[in-house]
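Below are the chains, spelled out letter by letter.
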Amino acid sequence: MKSITERIDHVTLIPQEYLKDVLPAPKSVKIEISPRCNYRCGFCALRTRAVQPKHDMDFELFKRVTFQMRQAGVEEIGVFYLGESFMNPELLINCINYLKKTIGMPYVFLTSNASIANPLAVEECMKAGLDSLKWSVNAADDEQFEKIMGVATKLFDNALRNIKAAWEARTRGGYKTGLYASSIHYDEQQRKQMESLLAERVLPYVDQHYWLPLYSMGAFATRREEELGYRPTAGNQGRLGALRDPLPCWSAFTEGHVTAEGKLSACCFDANANWVMGDLSKQSFMDAWNSEAFVKLRQAHLRKDVSGTVCQQCIAYG
């Protein structure tokens, strides 16, 4: 079985057969079953939404679009995009059950901040066949958590307890779900600050941990990032240790990104529908994946000149 970093690297490295404007189905798609989140992270694009959404993805829409994806050749579905999927645990469990037991999706994965990942709900996700559950752990202590995540520190302790509880549930039930964690490398000092926390409360309860750069979130969170005193990396270049060139951006070539409303986006940080390439409530997945707008955008990326496109303002190209 591939490690989580091998899977990430496989998606972020654009293979030769995908360096085209009209493409076969991506192997991986992330779907925002809930656009809501209980955190207000200073680095996250969700902060830029003028109004936070109150409605989650319609389950019938989810079933229809994922059935089309599987028929087209998609092999991996992430049951998250920008929001926190444990905001609606019942929908999350239903989605995993449908993917694994009804349409036979080979690999289903999830990223969560862990703070509201109730151990009973997590175990139901494991029973449903979730292949990978990754925790985002991005603060070294209570003070930093409150400053960066923008919420009460009790959620920090909740998250750490839930990470341990998930490990115990997997051990007790013999489930096959891979358990992982990632942390954002704000700077070298942050990495050193987190060593103790990770060693004591995270690493014993995951199969693998890796580091991510501080993303620019499509340039929309840059002002807040500057306020926090951290410098973001260009666009989304993948994980530390396997960074990719910003152009062409893998997000427009190797992975689909679907909002709770069914919009297909070209950007992995599209909190405000700025990169919408198609509407899956009105067209098929493959029609949207190779829409005229998406084809033109990919052509600009392949030329390595995105001036005049929706990607022009991204910090990667400034």
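Presented here is a report on the structure given in the accompanying data block. (Residues numbered from 1 in each chain as written. Predicted model: local features only at pLDDT ≥ 70, side-chain atom pairs only at ≥ 80, totals over all residues. Heavy atoms only, no water.)

### Quick word on the overall build of the chain
Here's step 1: When helices and strands are tallied, the chain shows 10 helices and 9 strands.
Here's step 2: Expressed as a percentage of the 318 residues in the chain, the buried residues total 57%.
Here's step 3: Considering only contacts within the chain whose residues lie at least 6 apart along the sequence, 74% involve residues at least 24 apart. (Helix = DSSP H or I, 4+ residues; strand = E, 2+ residues; numbered from the N terminus. Buried < 20%, exposed > 50% of the residue type's maximum accessible area, 1.4 Å probe, protein only. Contact = heavy atoms within 4.5 Å.)

### Brief notes about the packing of helix H2 (residues 59-72) against helix H3 (residues 89-102)
The packing of two helices is summarised by the inter-axis angle and the distance between the axes.
Here's step 1: As a packed pair, H2 and H3 sit with axes 11 Å apart at the nearest point and diverge in direction by 30°. Judged by the inter-axis angle, H2 sits roughly parallel to H3. Note that H2 runs across H3; the crossing there is right-handed. Between H2 and H3, the contacting residues are Phe59, Phe62, Lys63, Thr66 and Phe67 on the first element and Leu91, Asn94, Cys95, Tyr98 and Leu99 on the second. (Axes fitted to C-alpha atoms, helices over the stretch in contact; angles between N-to-C directions. Parallel < 35°, antiparallel > 145°, perpendicular 65-115°, else oblique. Left-handed = near helix turned anticlockwise from the far one by under 90°.)

### Things to note about a negative patch on the surface
Here's step 1: Residues Asp141, Asp142, Glu143 and Glu146 make up a contiguous surface patch of negative charge.
Here's step 2: For Glu146, the location among the structural elements is in helix H5 (residues 142-149). (Patch = residues over 30% accessible without salt bridge, like charges linked within 9 Å, V, L, I, M, F, W, Y side chains within 5 Å. Areas by Shrake-Rupley, 256 points an atom, 1.4 Å probe, with all protein chains shown as cover. Salt bridge = Lys/Arg side-chain N within 4 Å of Asp/Glu carboxyl O. Lys, Arg positive; Asp, Glu negative; His and termini not counted. Charge placed at Lys NZ, Arg CZ, Asp CG, Glu CD.)

### Let's talk about the packing of helix H4 (residues 119-128) against helix H6 (residues 154-173)
Here's step 1: Where H4 meets H6, the axes come as close as 9 Å, and the angle between the chain directions of the two elements is 45°. In terms of orientation, H4 and H6 fall into the oblique class. Two packed elements cross with a definite hand, and for H4 against H6 that hand is right-handed. Within the contact between the two elements, H4 uses Pro119, Val122, Glu123 and Met126 and H6 uses Asn162, Ala165, Ala166, Ala169, Arg170 and Arg172.
Here's step 2: Grouping the amino acids of the contact of H4 with H6 by side-chain chemistry returns 6 nonpolar, 1 polar and 3 charged. (Nonpolar A, V, L, I, M, F, W, Y, C, P; charged D, E, K, R; others polar.)

### Points about the pairing of strand S7 (residues 255-258)
Here's step 1: Residues Glu255 and His257 point to one face of S7 and Gly256 and Val258 to the other, with burial holding for every one of them.
Here's step 2: Of the strand pairs in this sheet, strand S1 (residues 28-31) and S7 are connected by 4 bridges, and their pairing is parallel. Bridge assignment links Ser28 to a residue of S7, and that residue is Glu255.
Here's step 3: Pairing geometry for S7 and strand S8 (residues 263-265), over 2 bridges, is antiparallel. If you follow His257 over to S8, its bridge partner there is Ser265.
Here's step 4: Linkage of S7 to S8, two consecutive antiparallel strands, is achieved through a turn of 4 residues, within which Gly262 is found at a positive phi near 90°. (Pairing = 2+ DSSP bridges.)

### Quick look at the side chain of Ser291
Here's step 1: On the secondary structure map, Ser291 appears in the loop between helix H9 (285-289) and helix H10 (292-303).
Here's step 2: In this structure Ser291 comes out as buried when scored by relative accessible area, which is 10%.
Here's step 3: Looking at Ser291, its side chain comes within polar contact range of the main-chain oxygen of Met277, at 2.8 Å. (Polar contact = N/O pair within 3.5 Å; in protein donor to acceptor, adjacent residues only side chain to side chain.)

### Re the nonpolar core
Here's step 1: Core analysis: the largest hydrophobic core is formed by 97 residues, its most contacted members being Met69, Val79, Trp135 and Met149.
Here's step 2: In terms of residue count, H3 provides more of this core than any other element does, 7 residues in total. (Core = buried A, V, L, I, M, F, W, Y, C linked by side-chain atoms within 4.5 Å.)

### A short note on unusual backbone geometry
Here's step 1: Residue Leu247 is joined to Pro248 through a cis peptide bond whose omega torsion reads -10°.
Here's step 2: Along the chain, the position of Pro248 falls in the loop between helix H8 (222-228) and S7.
Here's step 3: The backbone of Ala114 shows a phi angle near 75°, a positive value even though the residue is not glycine.
Here's step 4: Relative to the helices and strands, Ala114 resides in the loop between strand S3 (107-112) and H4.

### Describing the sheet that holds S8
Here's step 1: Taken in spatial order, the 9 strands line up as S6-S5-S4-S3-S2-S1-S7-S8-S9 in an open sheet, and their pairing is mixed. The open sheet has two free edges, formed respectively by strand S6 (208-213) and strand S9 (276-279), since each of these has just one partner strand. The sheet shows a mean angle of 25° between the axes of neighbouring strands, direction not considered.
Here's step 2: Sheet strands in contact with H6 are strand S4 (132-136) and strand S5 (178-185), and its direction is about 160° off that of S5.

### With respect to the pattern of salt bridges
Close approach of charged atoms lets side chains of opposite charge pair.
Here's step 1: Enumeration over the complete set of coordinates arrives at 13 salt bridges.
Here's step 2: A salt bridge links Asp157 to Arg201, with the nearest nitrogen and oxygen atoms 3.4 Å apart. Placement of the pair is Asp157 in helix H6 and Arg201 in helix H7 (residues 188-201), with a sequence separation of 44 residues.
Here's step 3: Its relative accessible area of 33% is what places Asp157 among the partly exposed residues.

### Observations regarding H2
Here's step 1: End to end, H2 covers 20 Å across 14 residues, agreeing with the expected 20 Å (1.5 Å per residue, within 8%).
Here's step 2: All of the buried residues along H2 are Leu61, Phe62, Val65, Thr66 and Met69. Axial view of H2: buried residues confined to an arc of 115°, hence all on one face.
Here's step 3: Capping the start of H2 is the job of one residue whose side-chain oxygen sits 3.2 Å from the backbone nitrogen of Glu60: Asp58.
Here's step 4: In the segment just after H2, Gly73 is the residue with positive phi, at about 115°. (Expected span 1.5 Å × (residues − 1). Arc of directions from axis to C-beta.)

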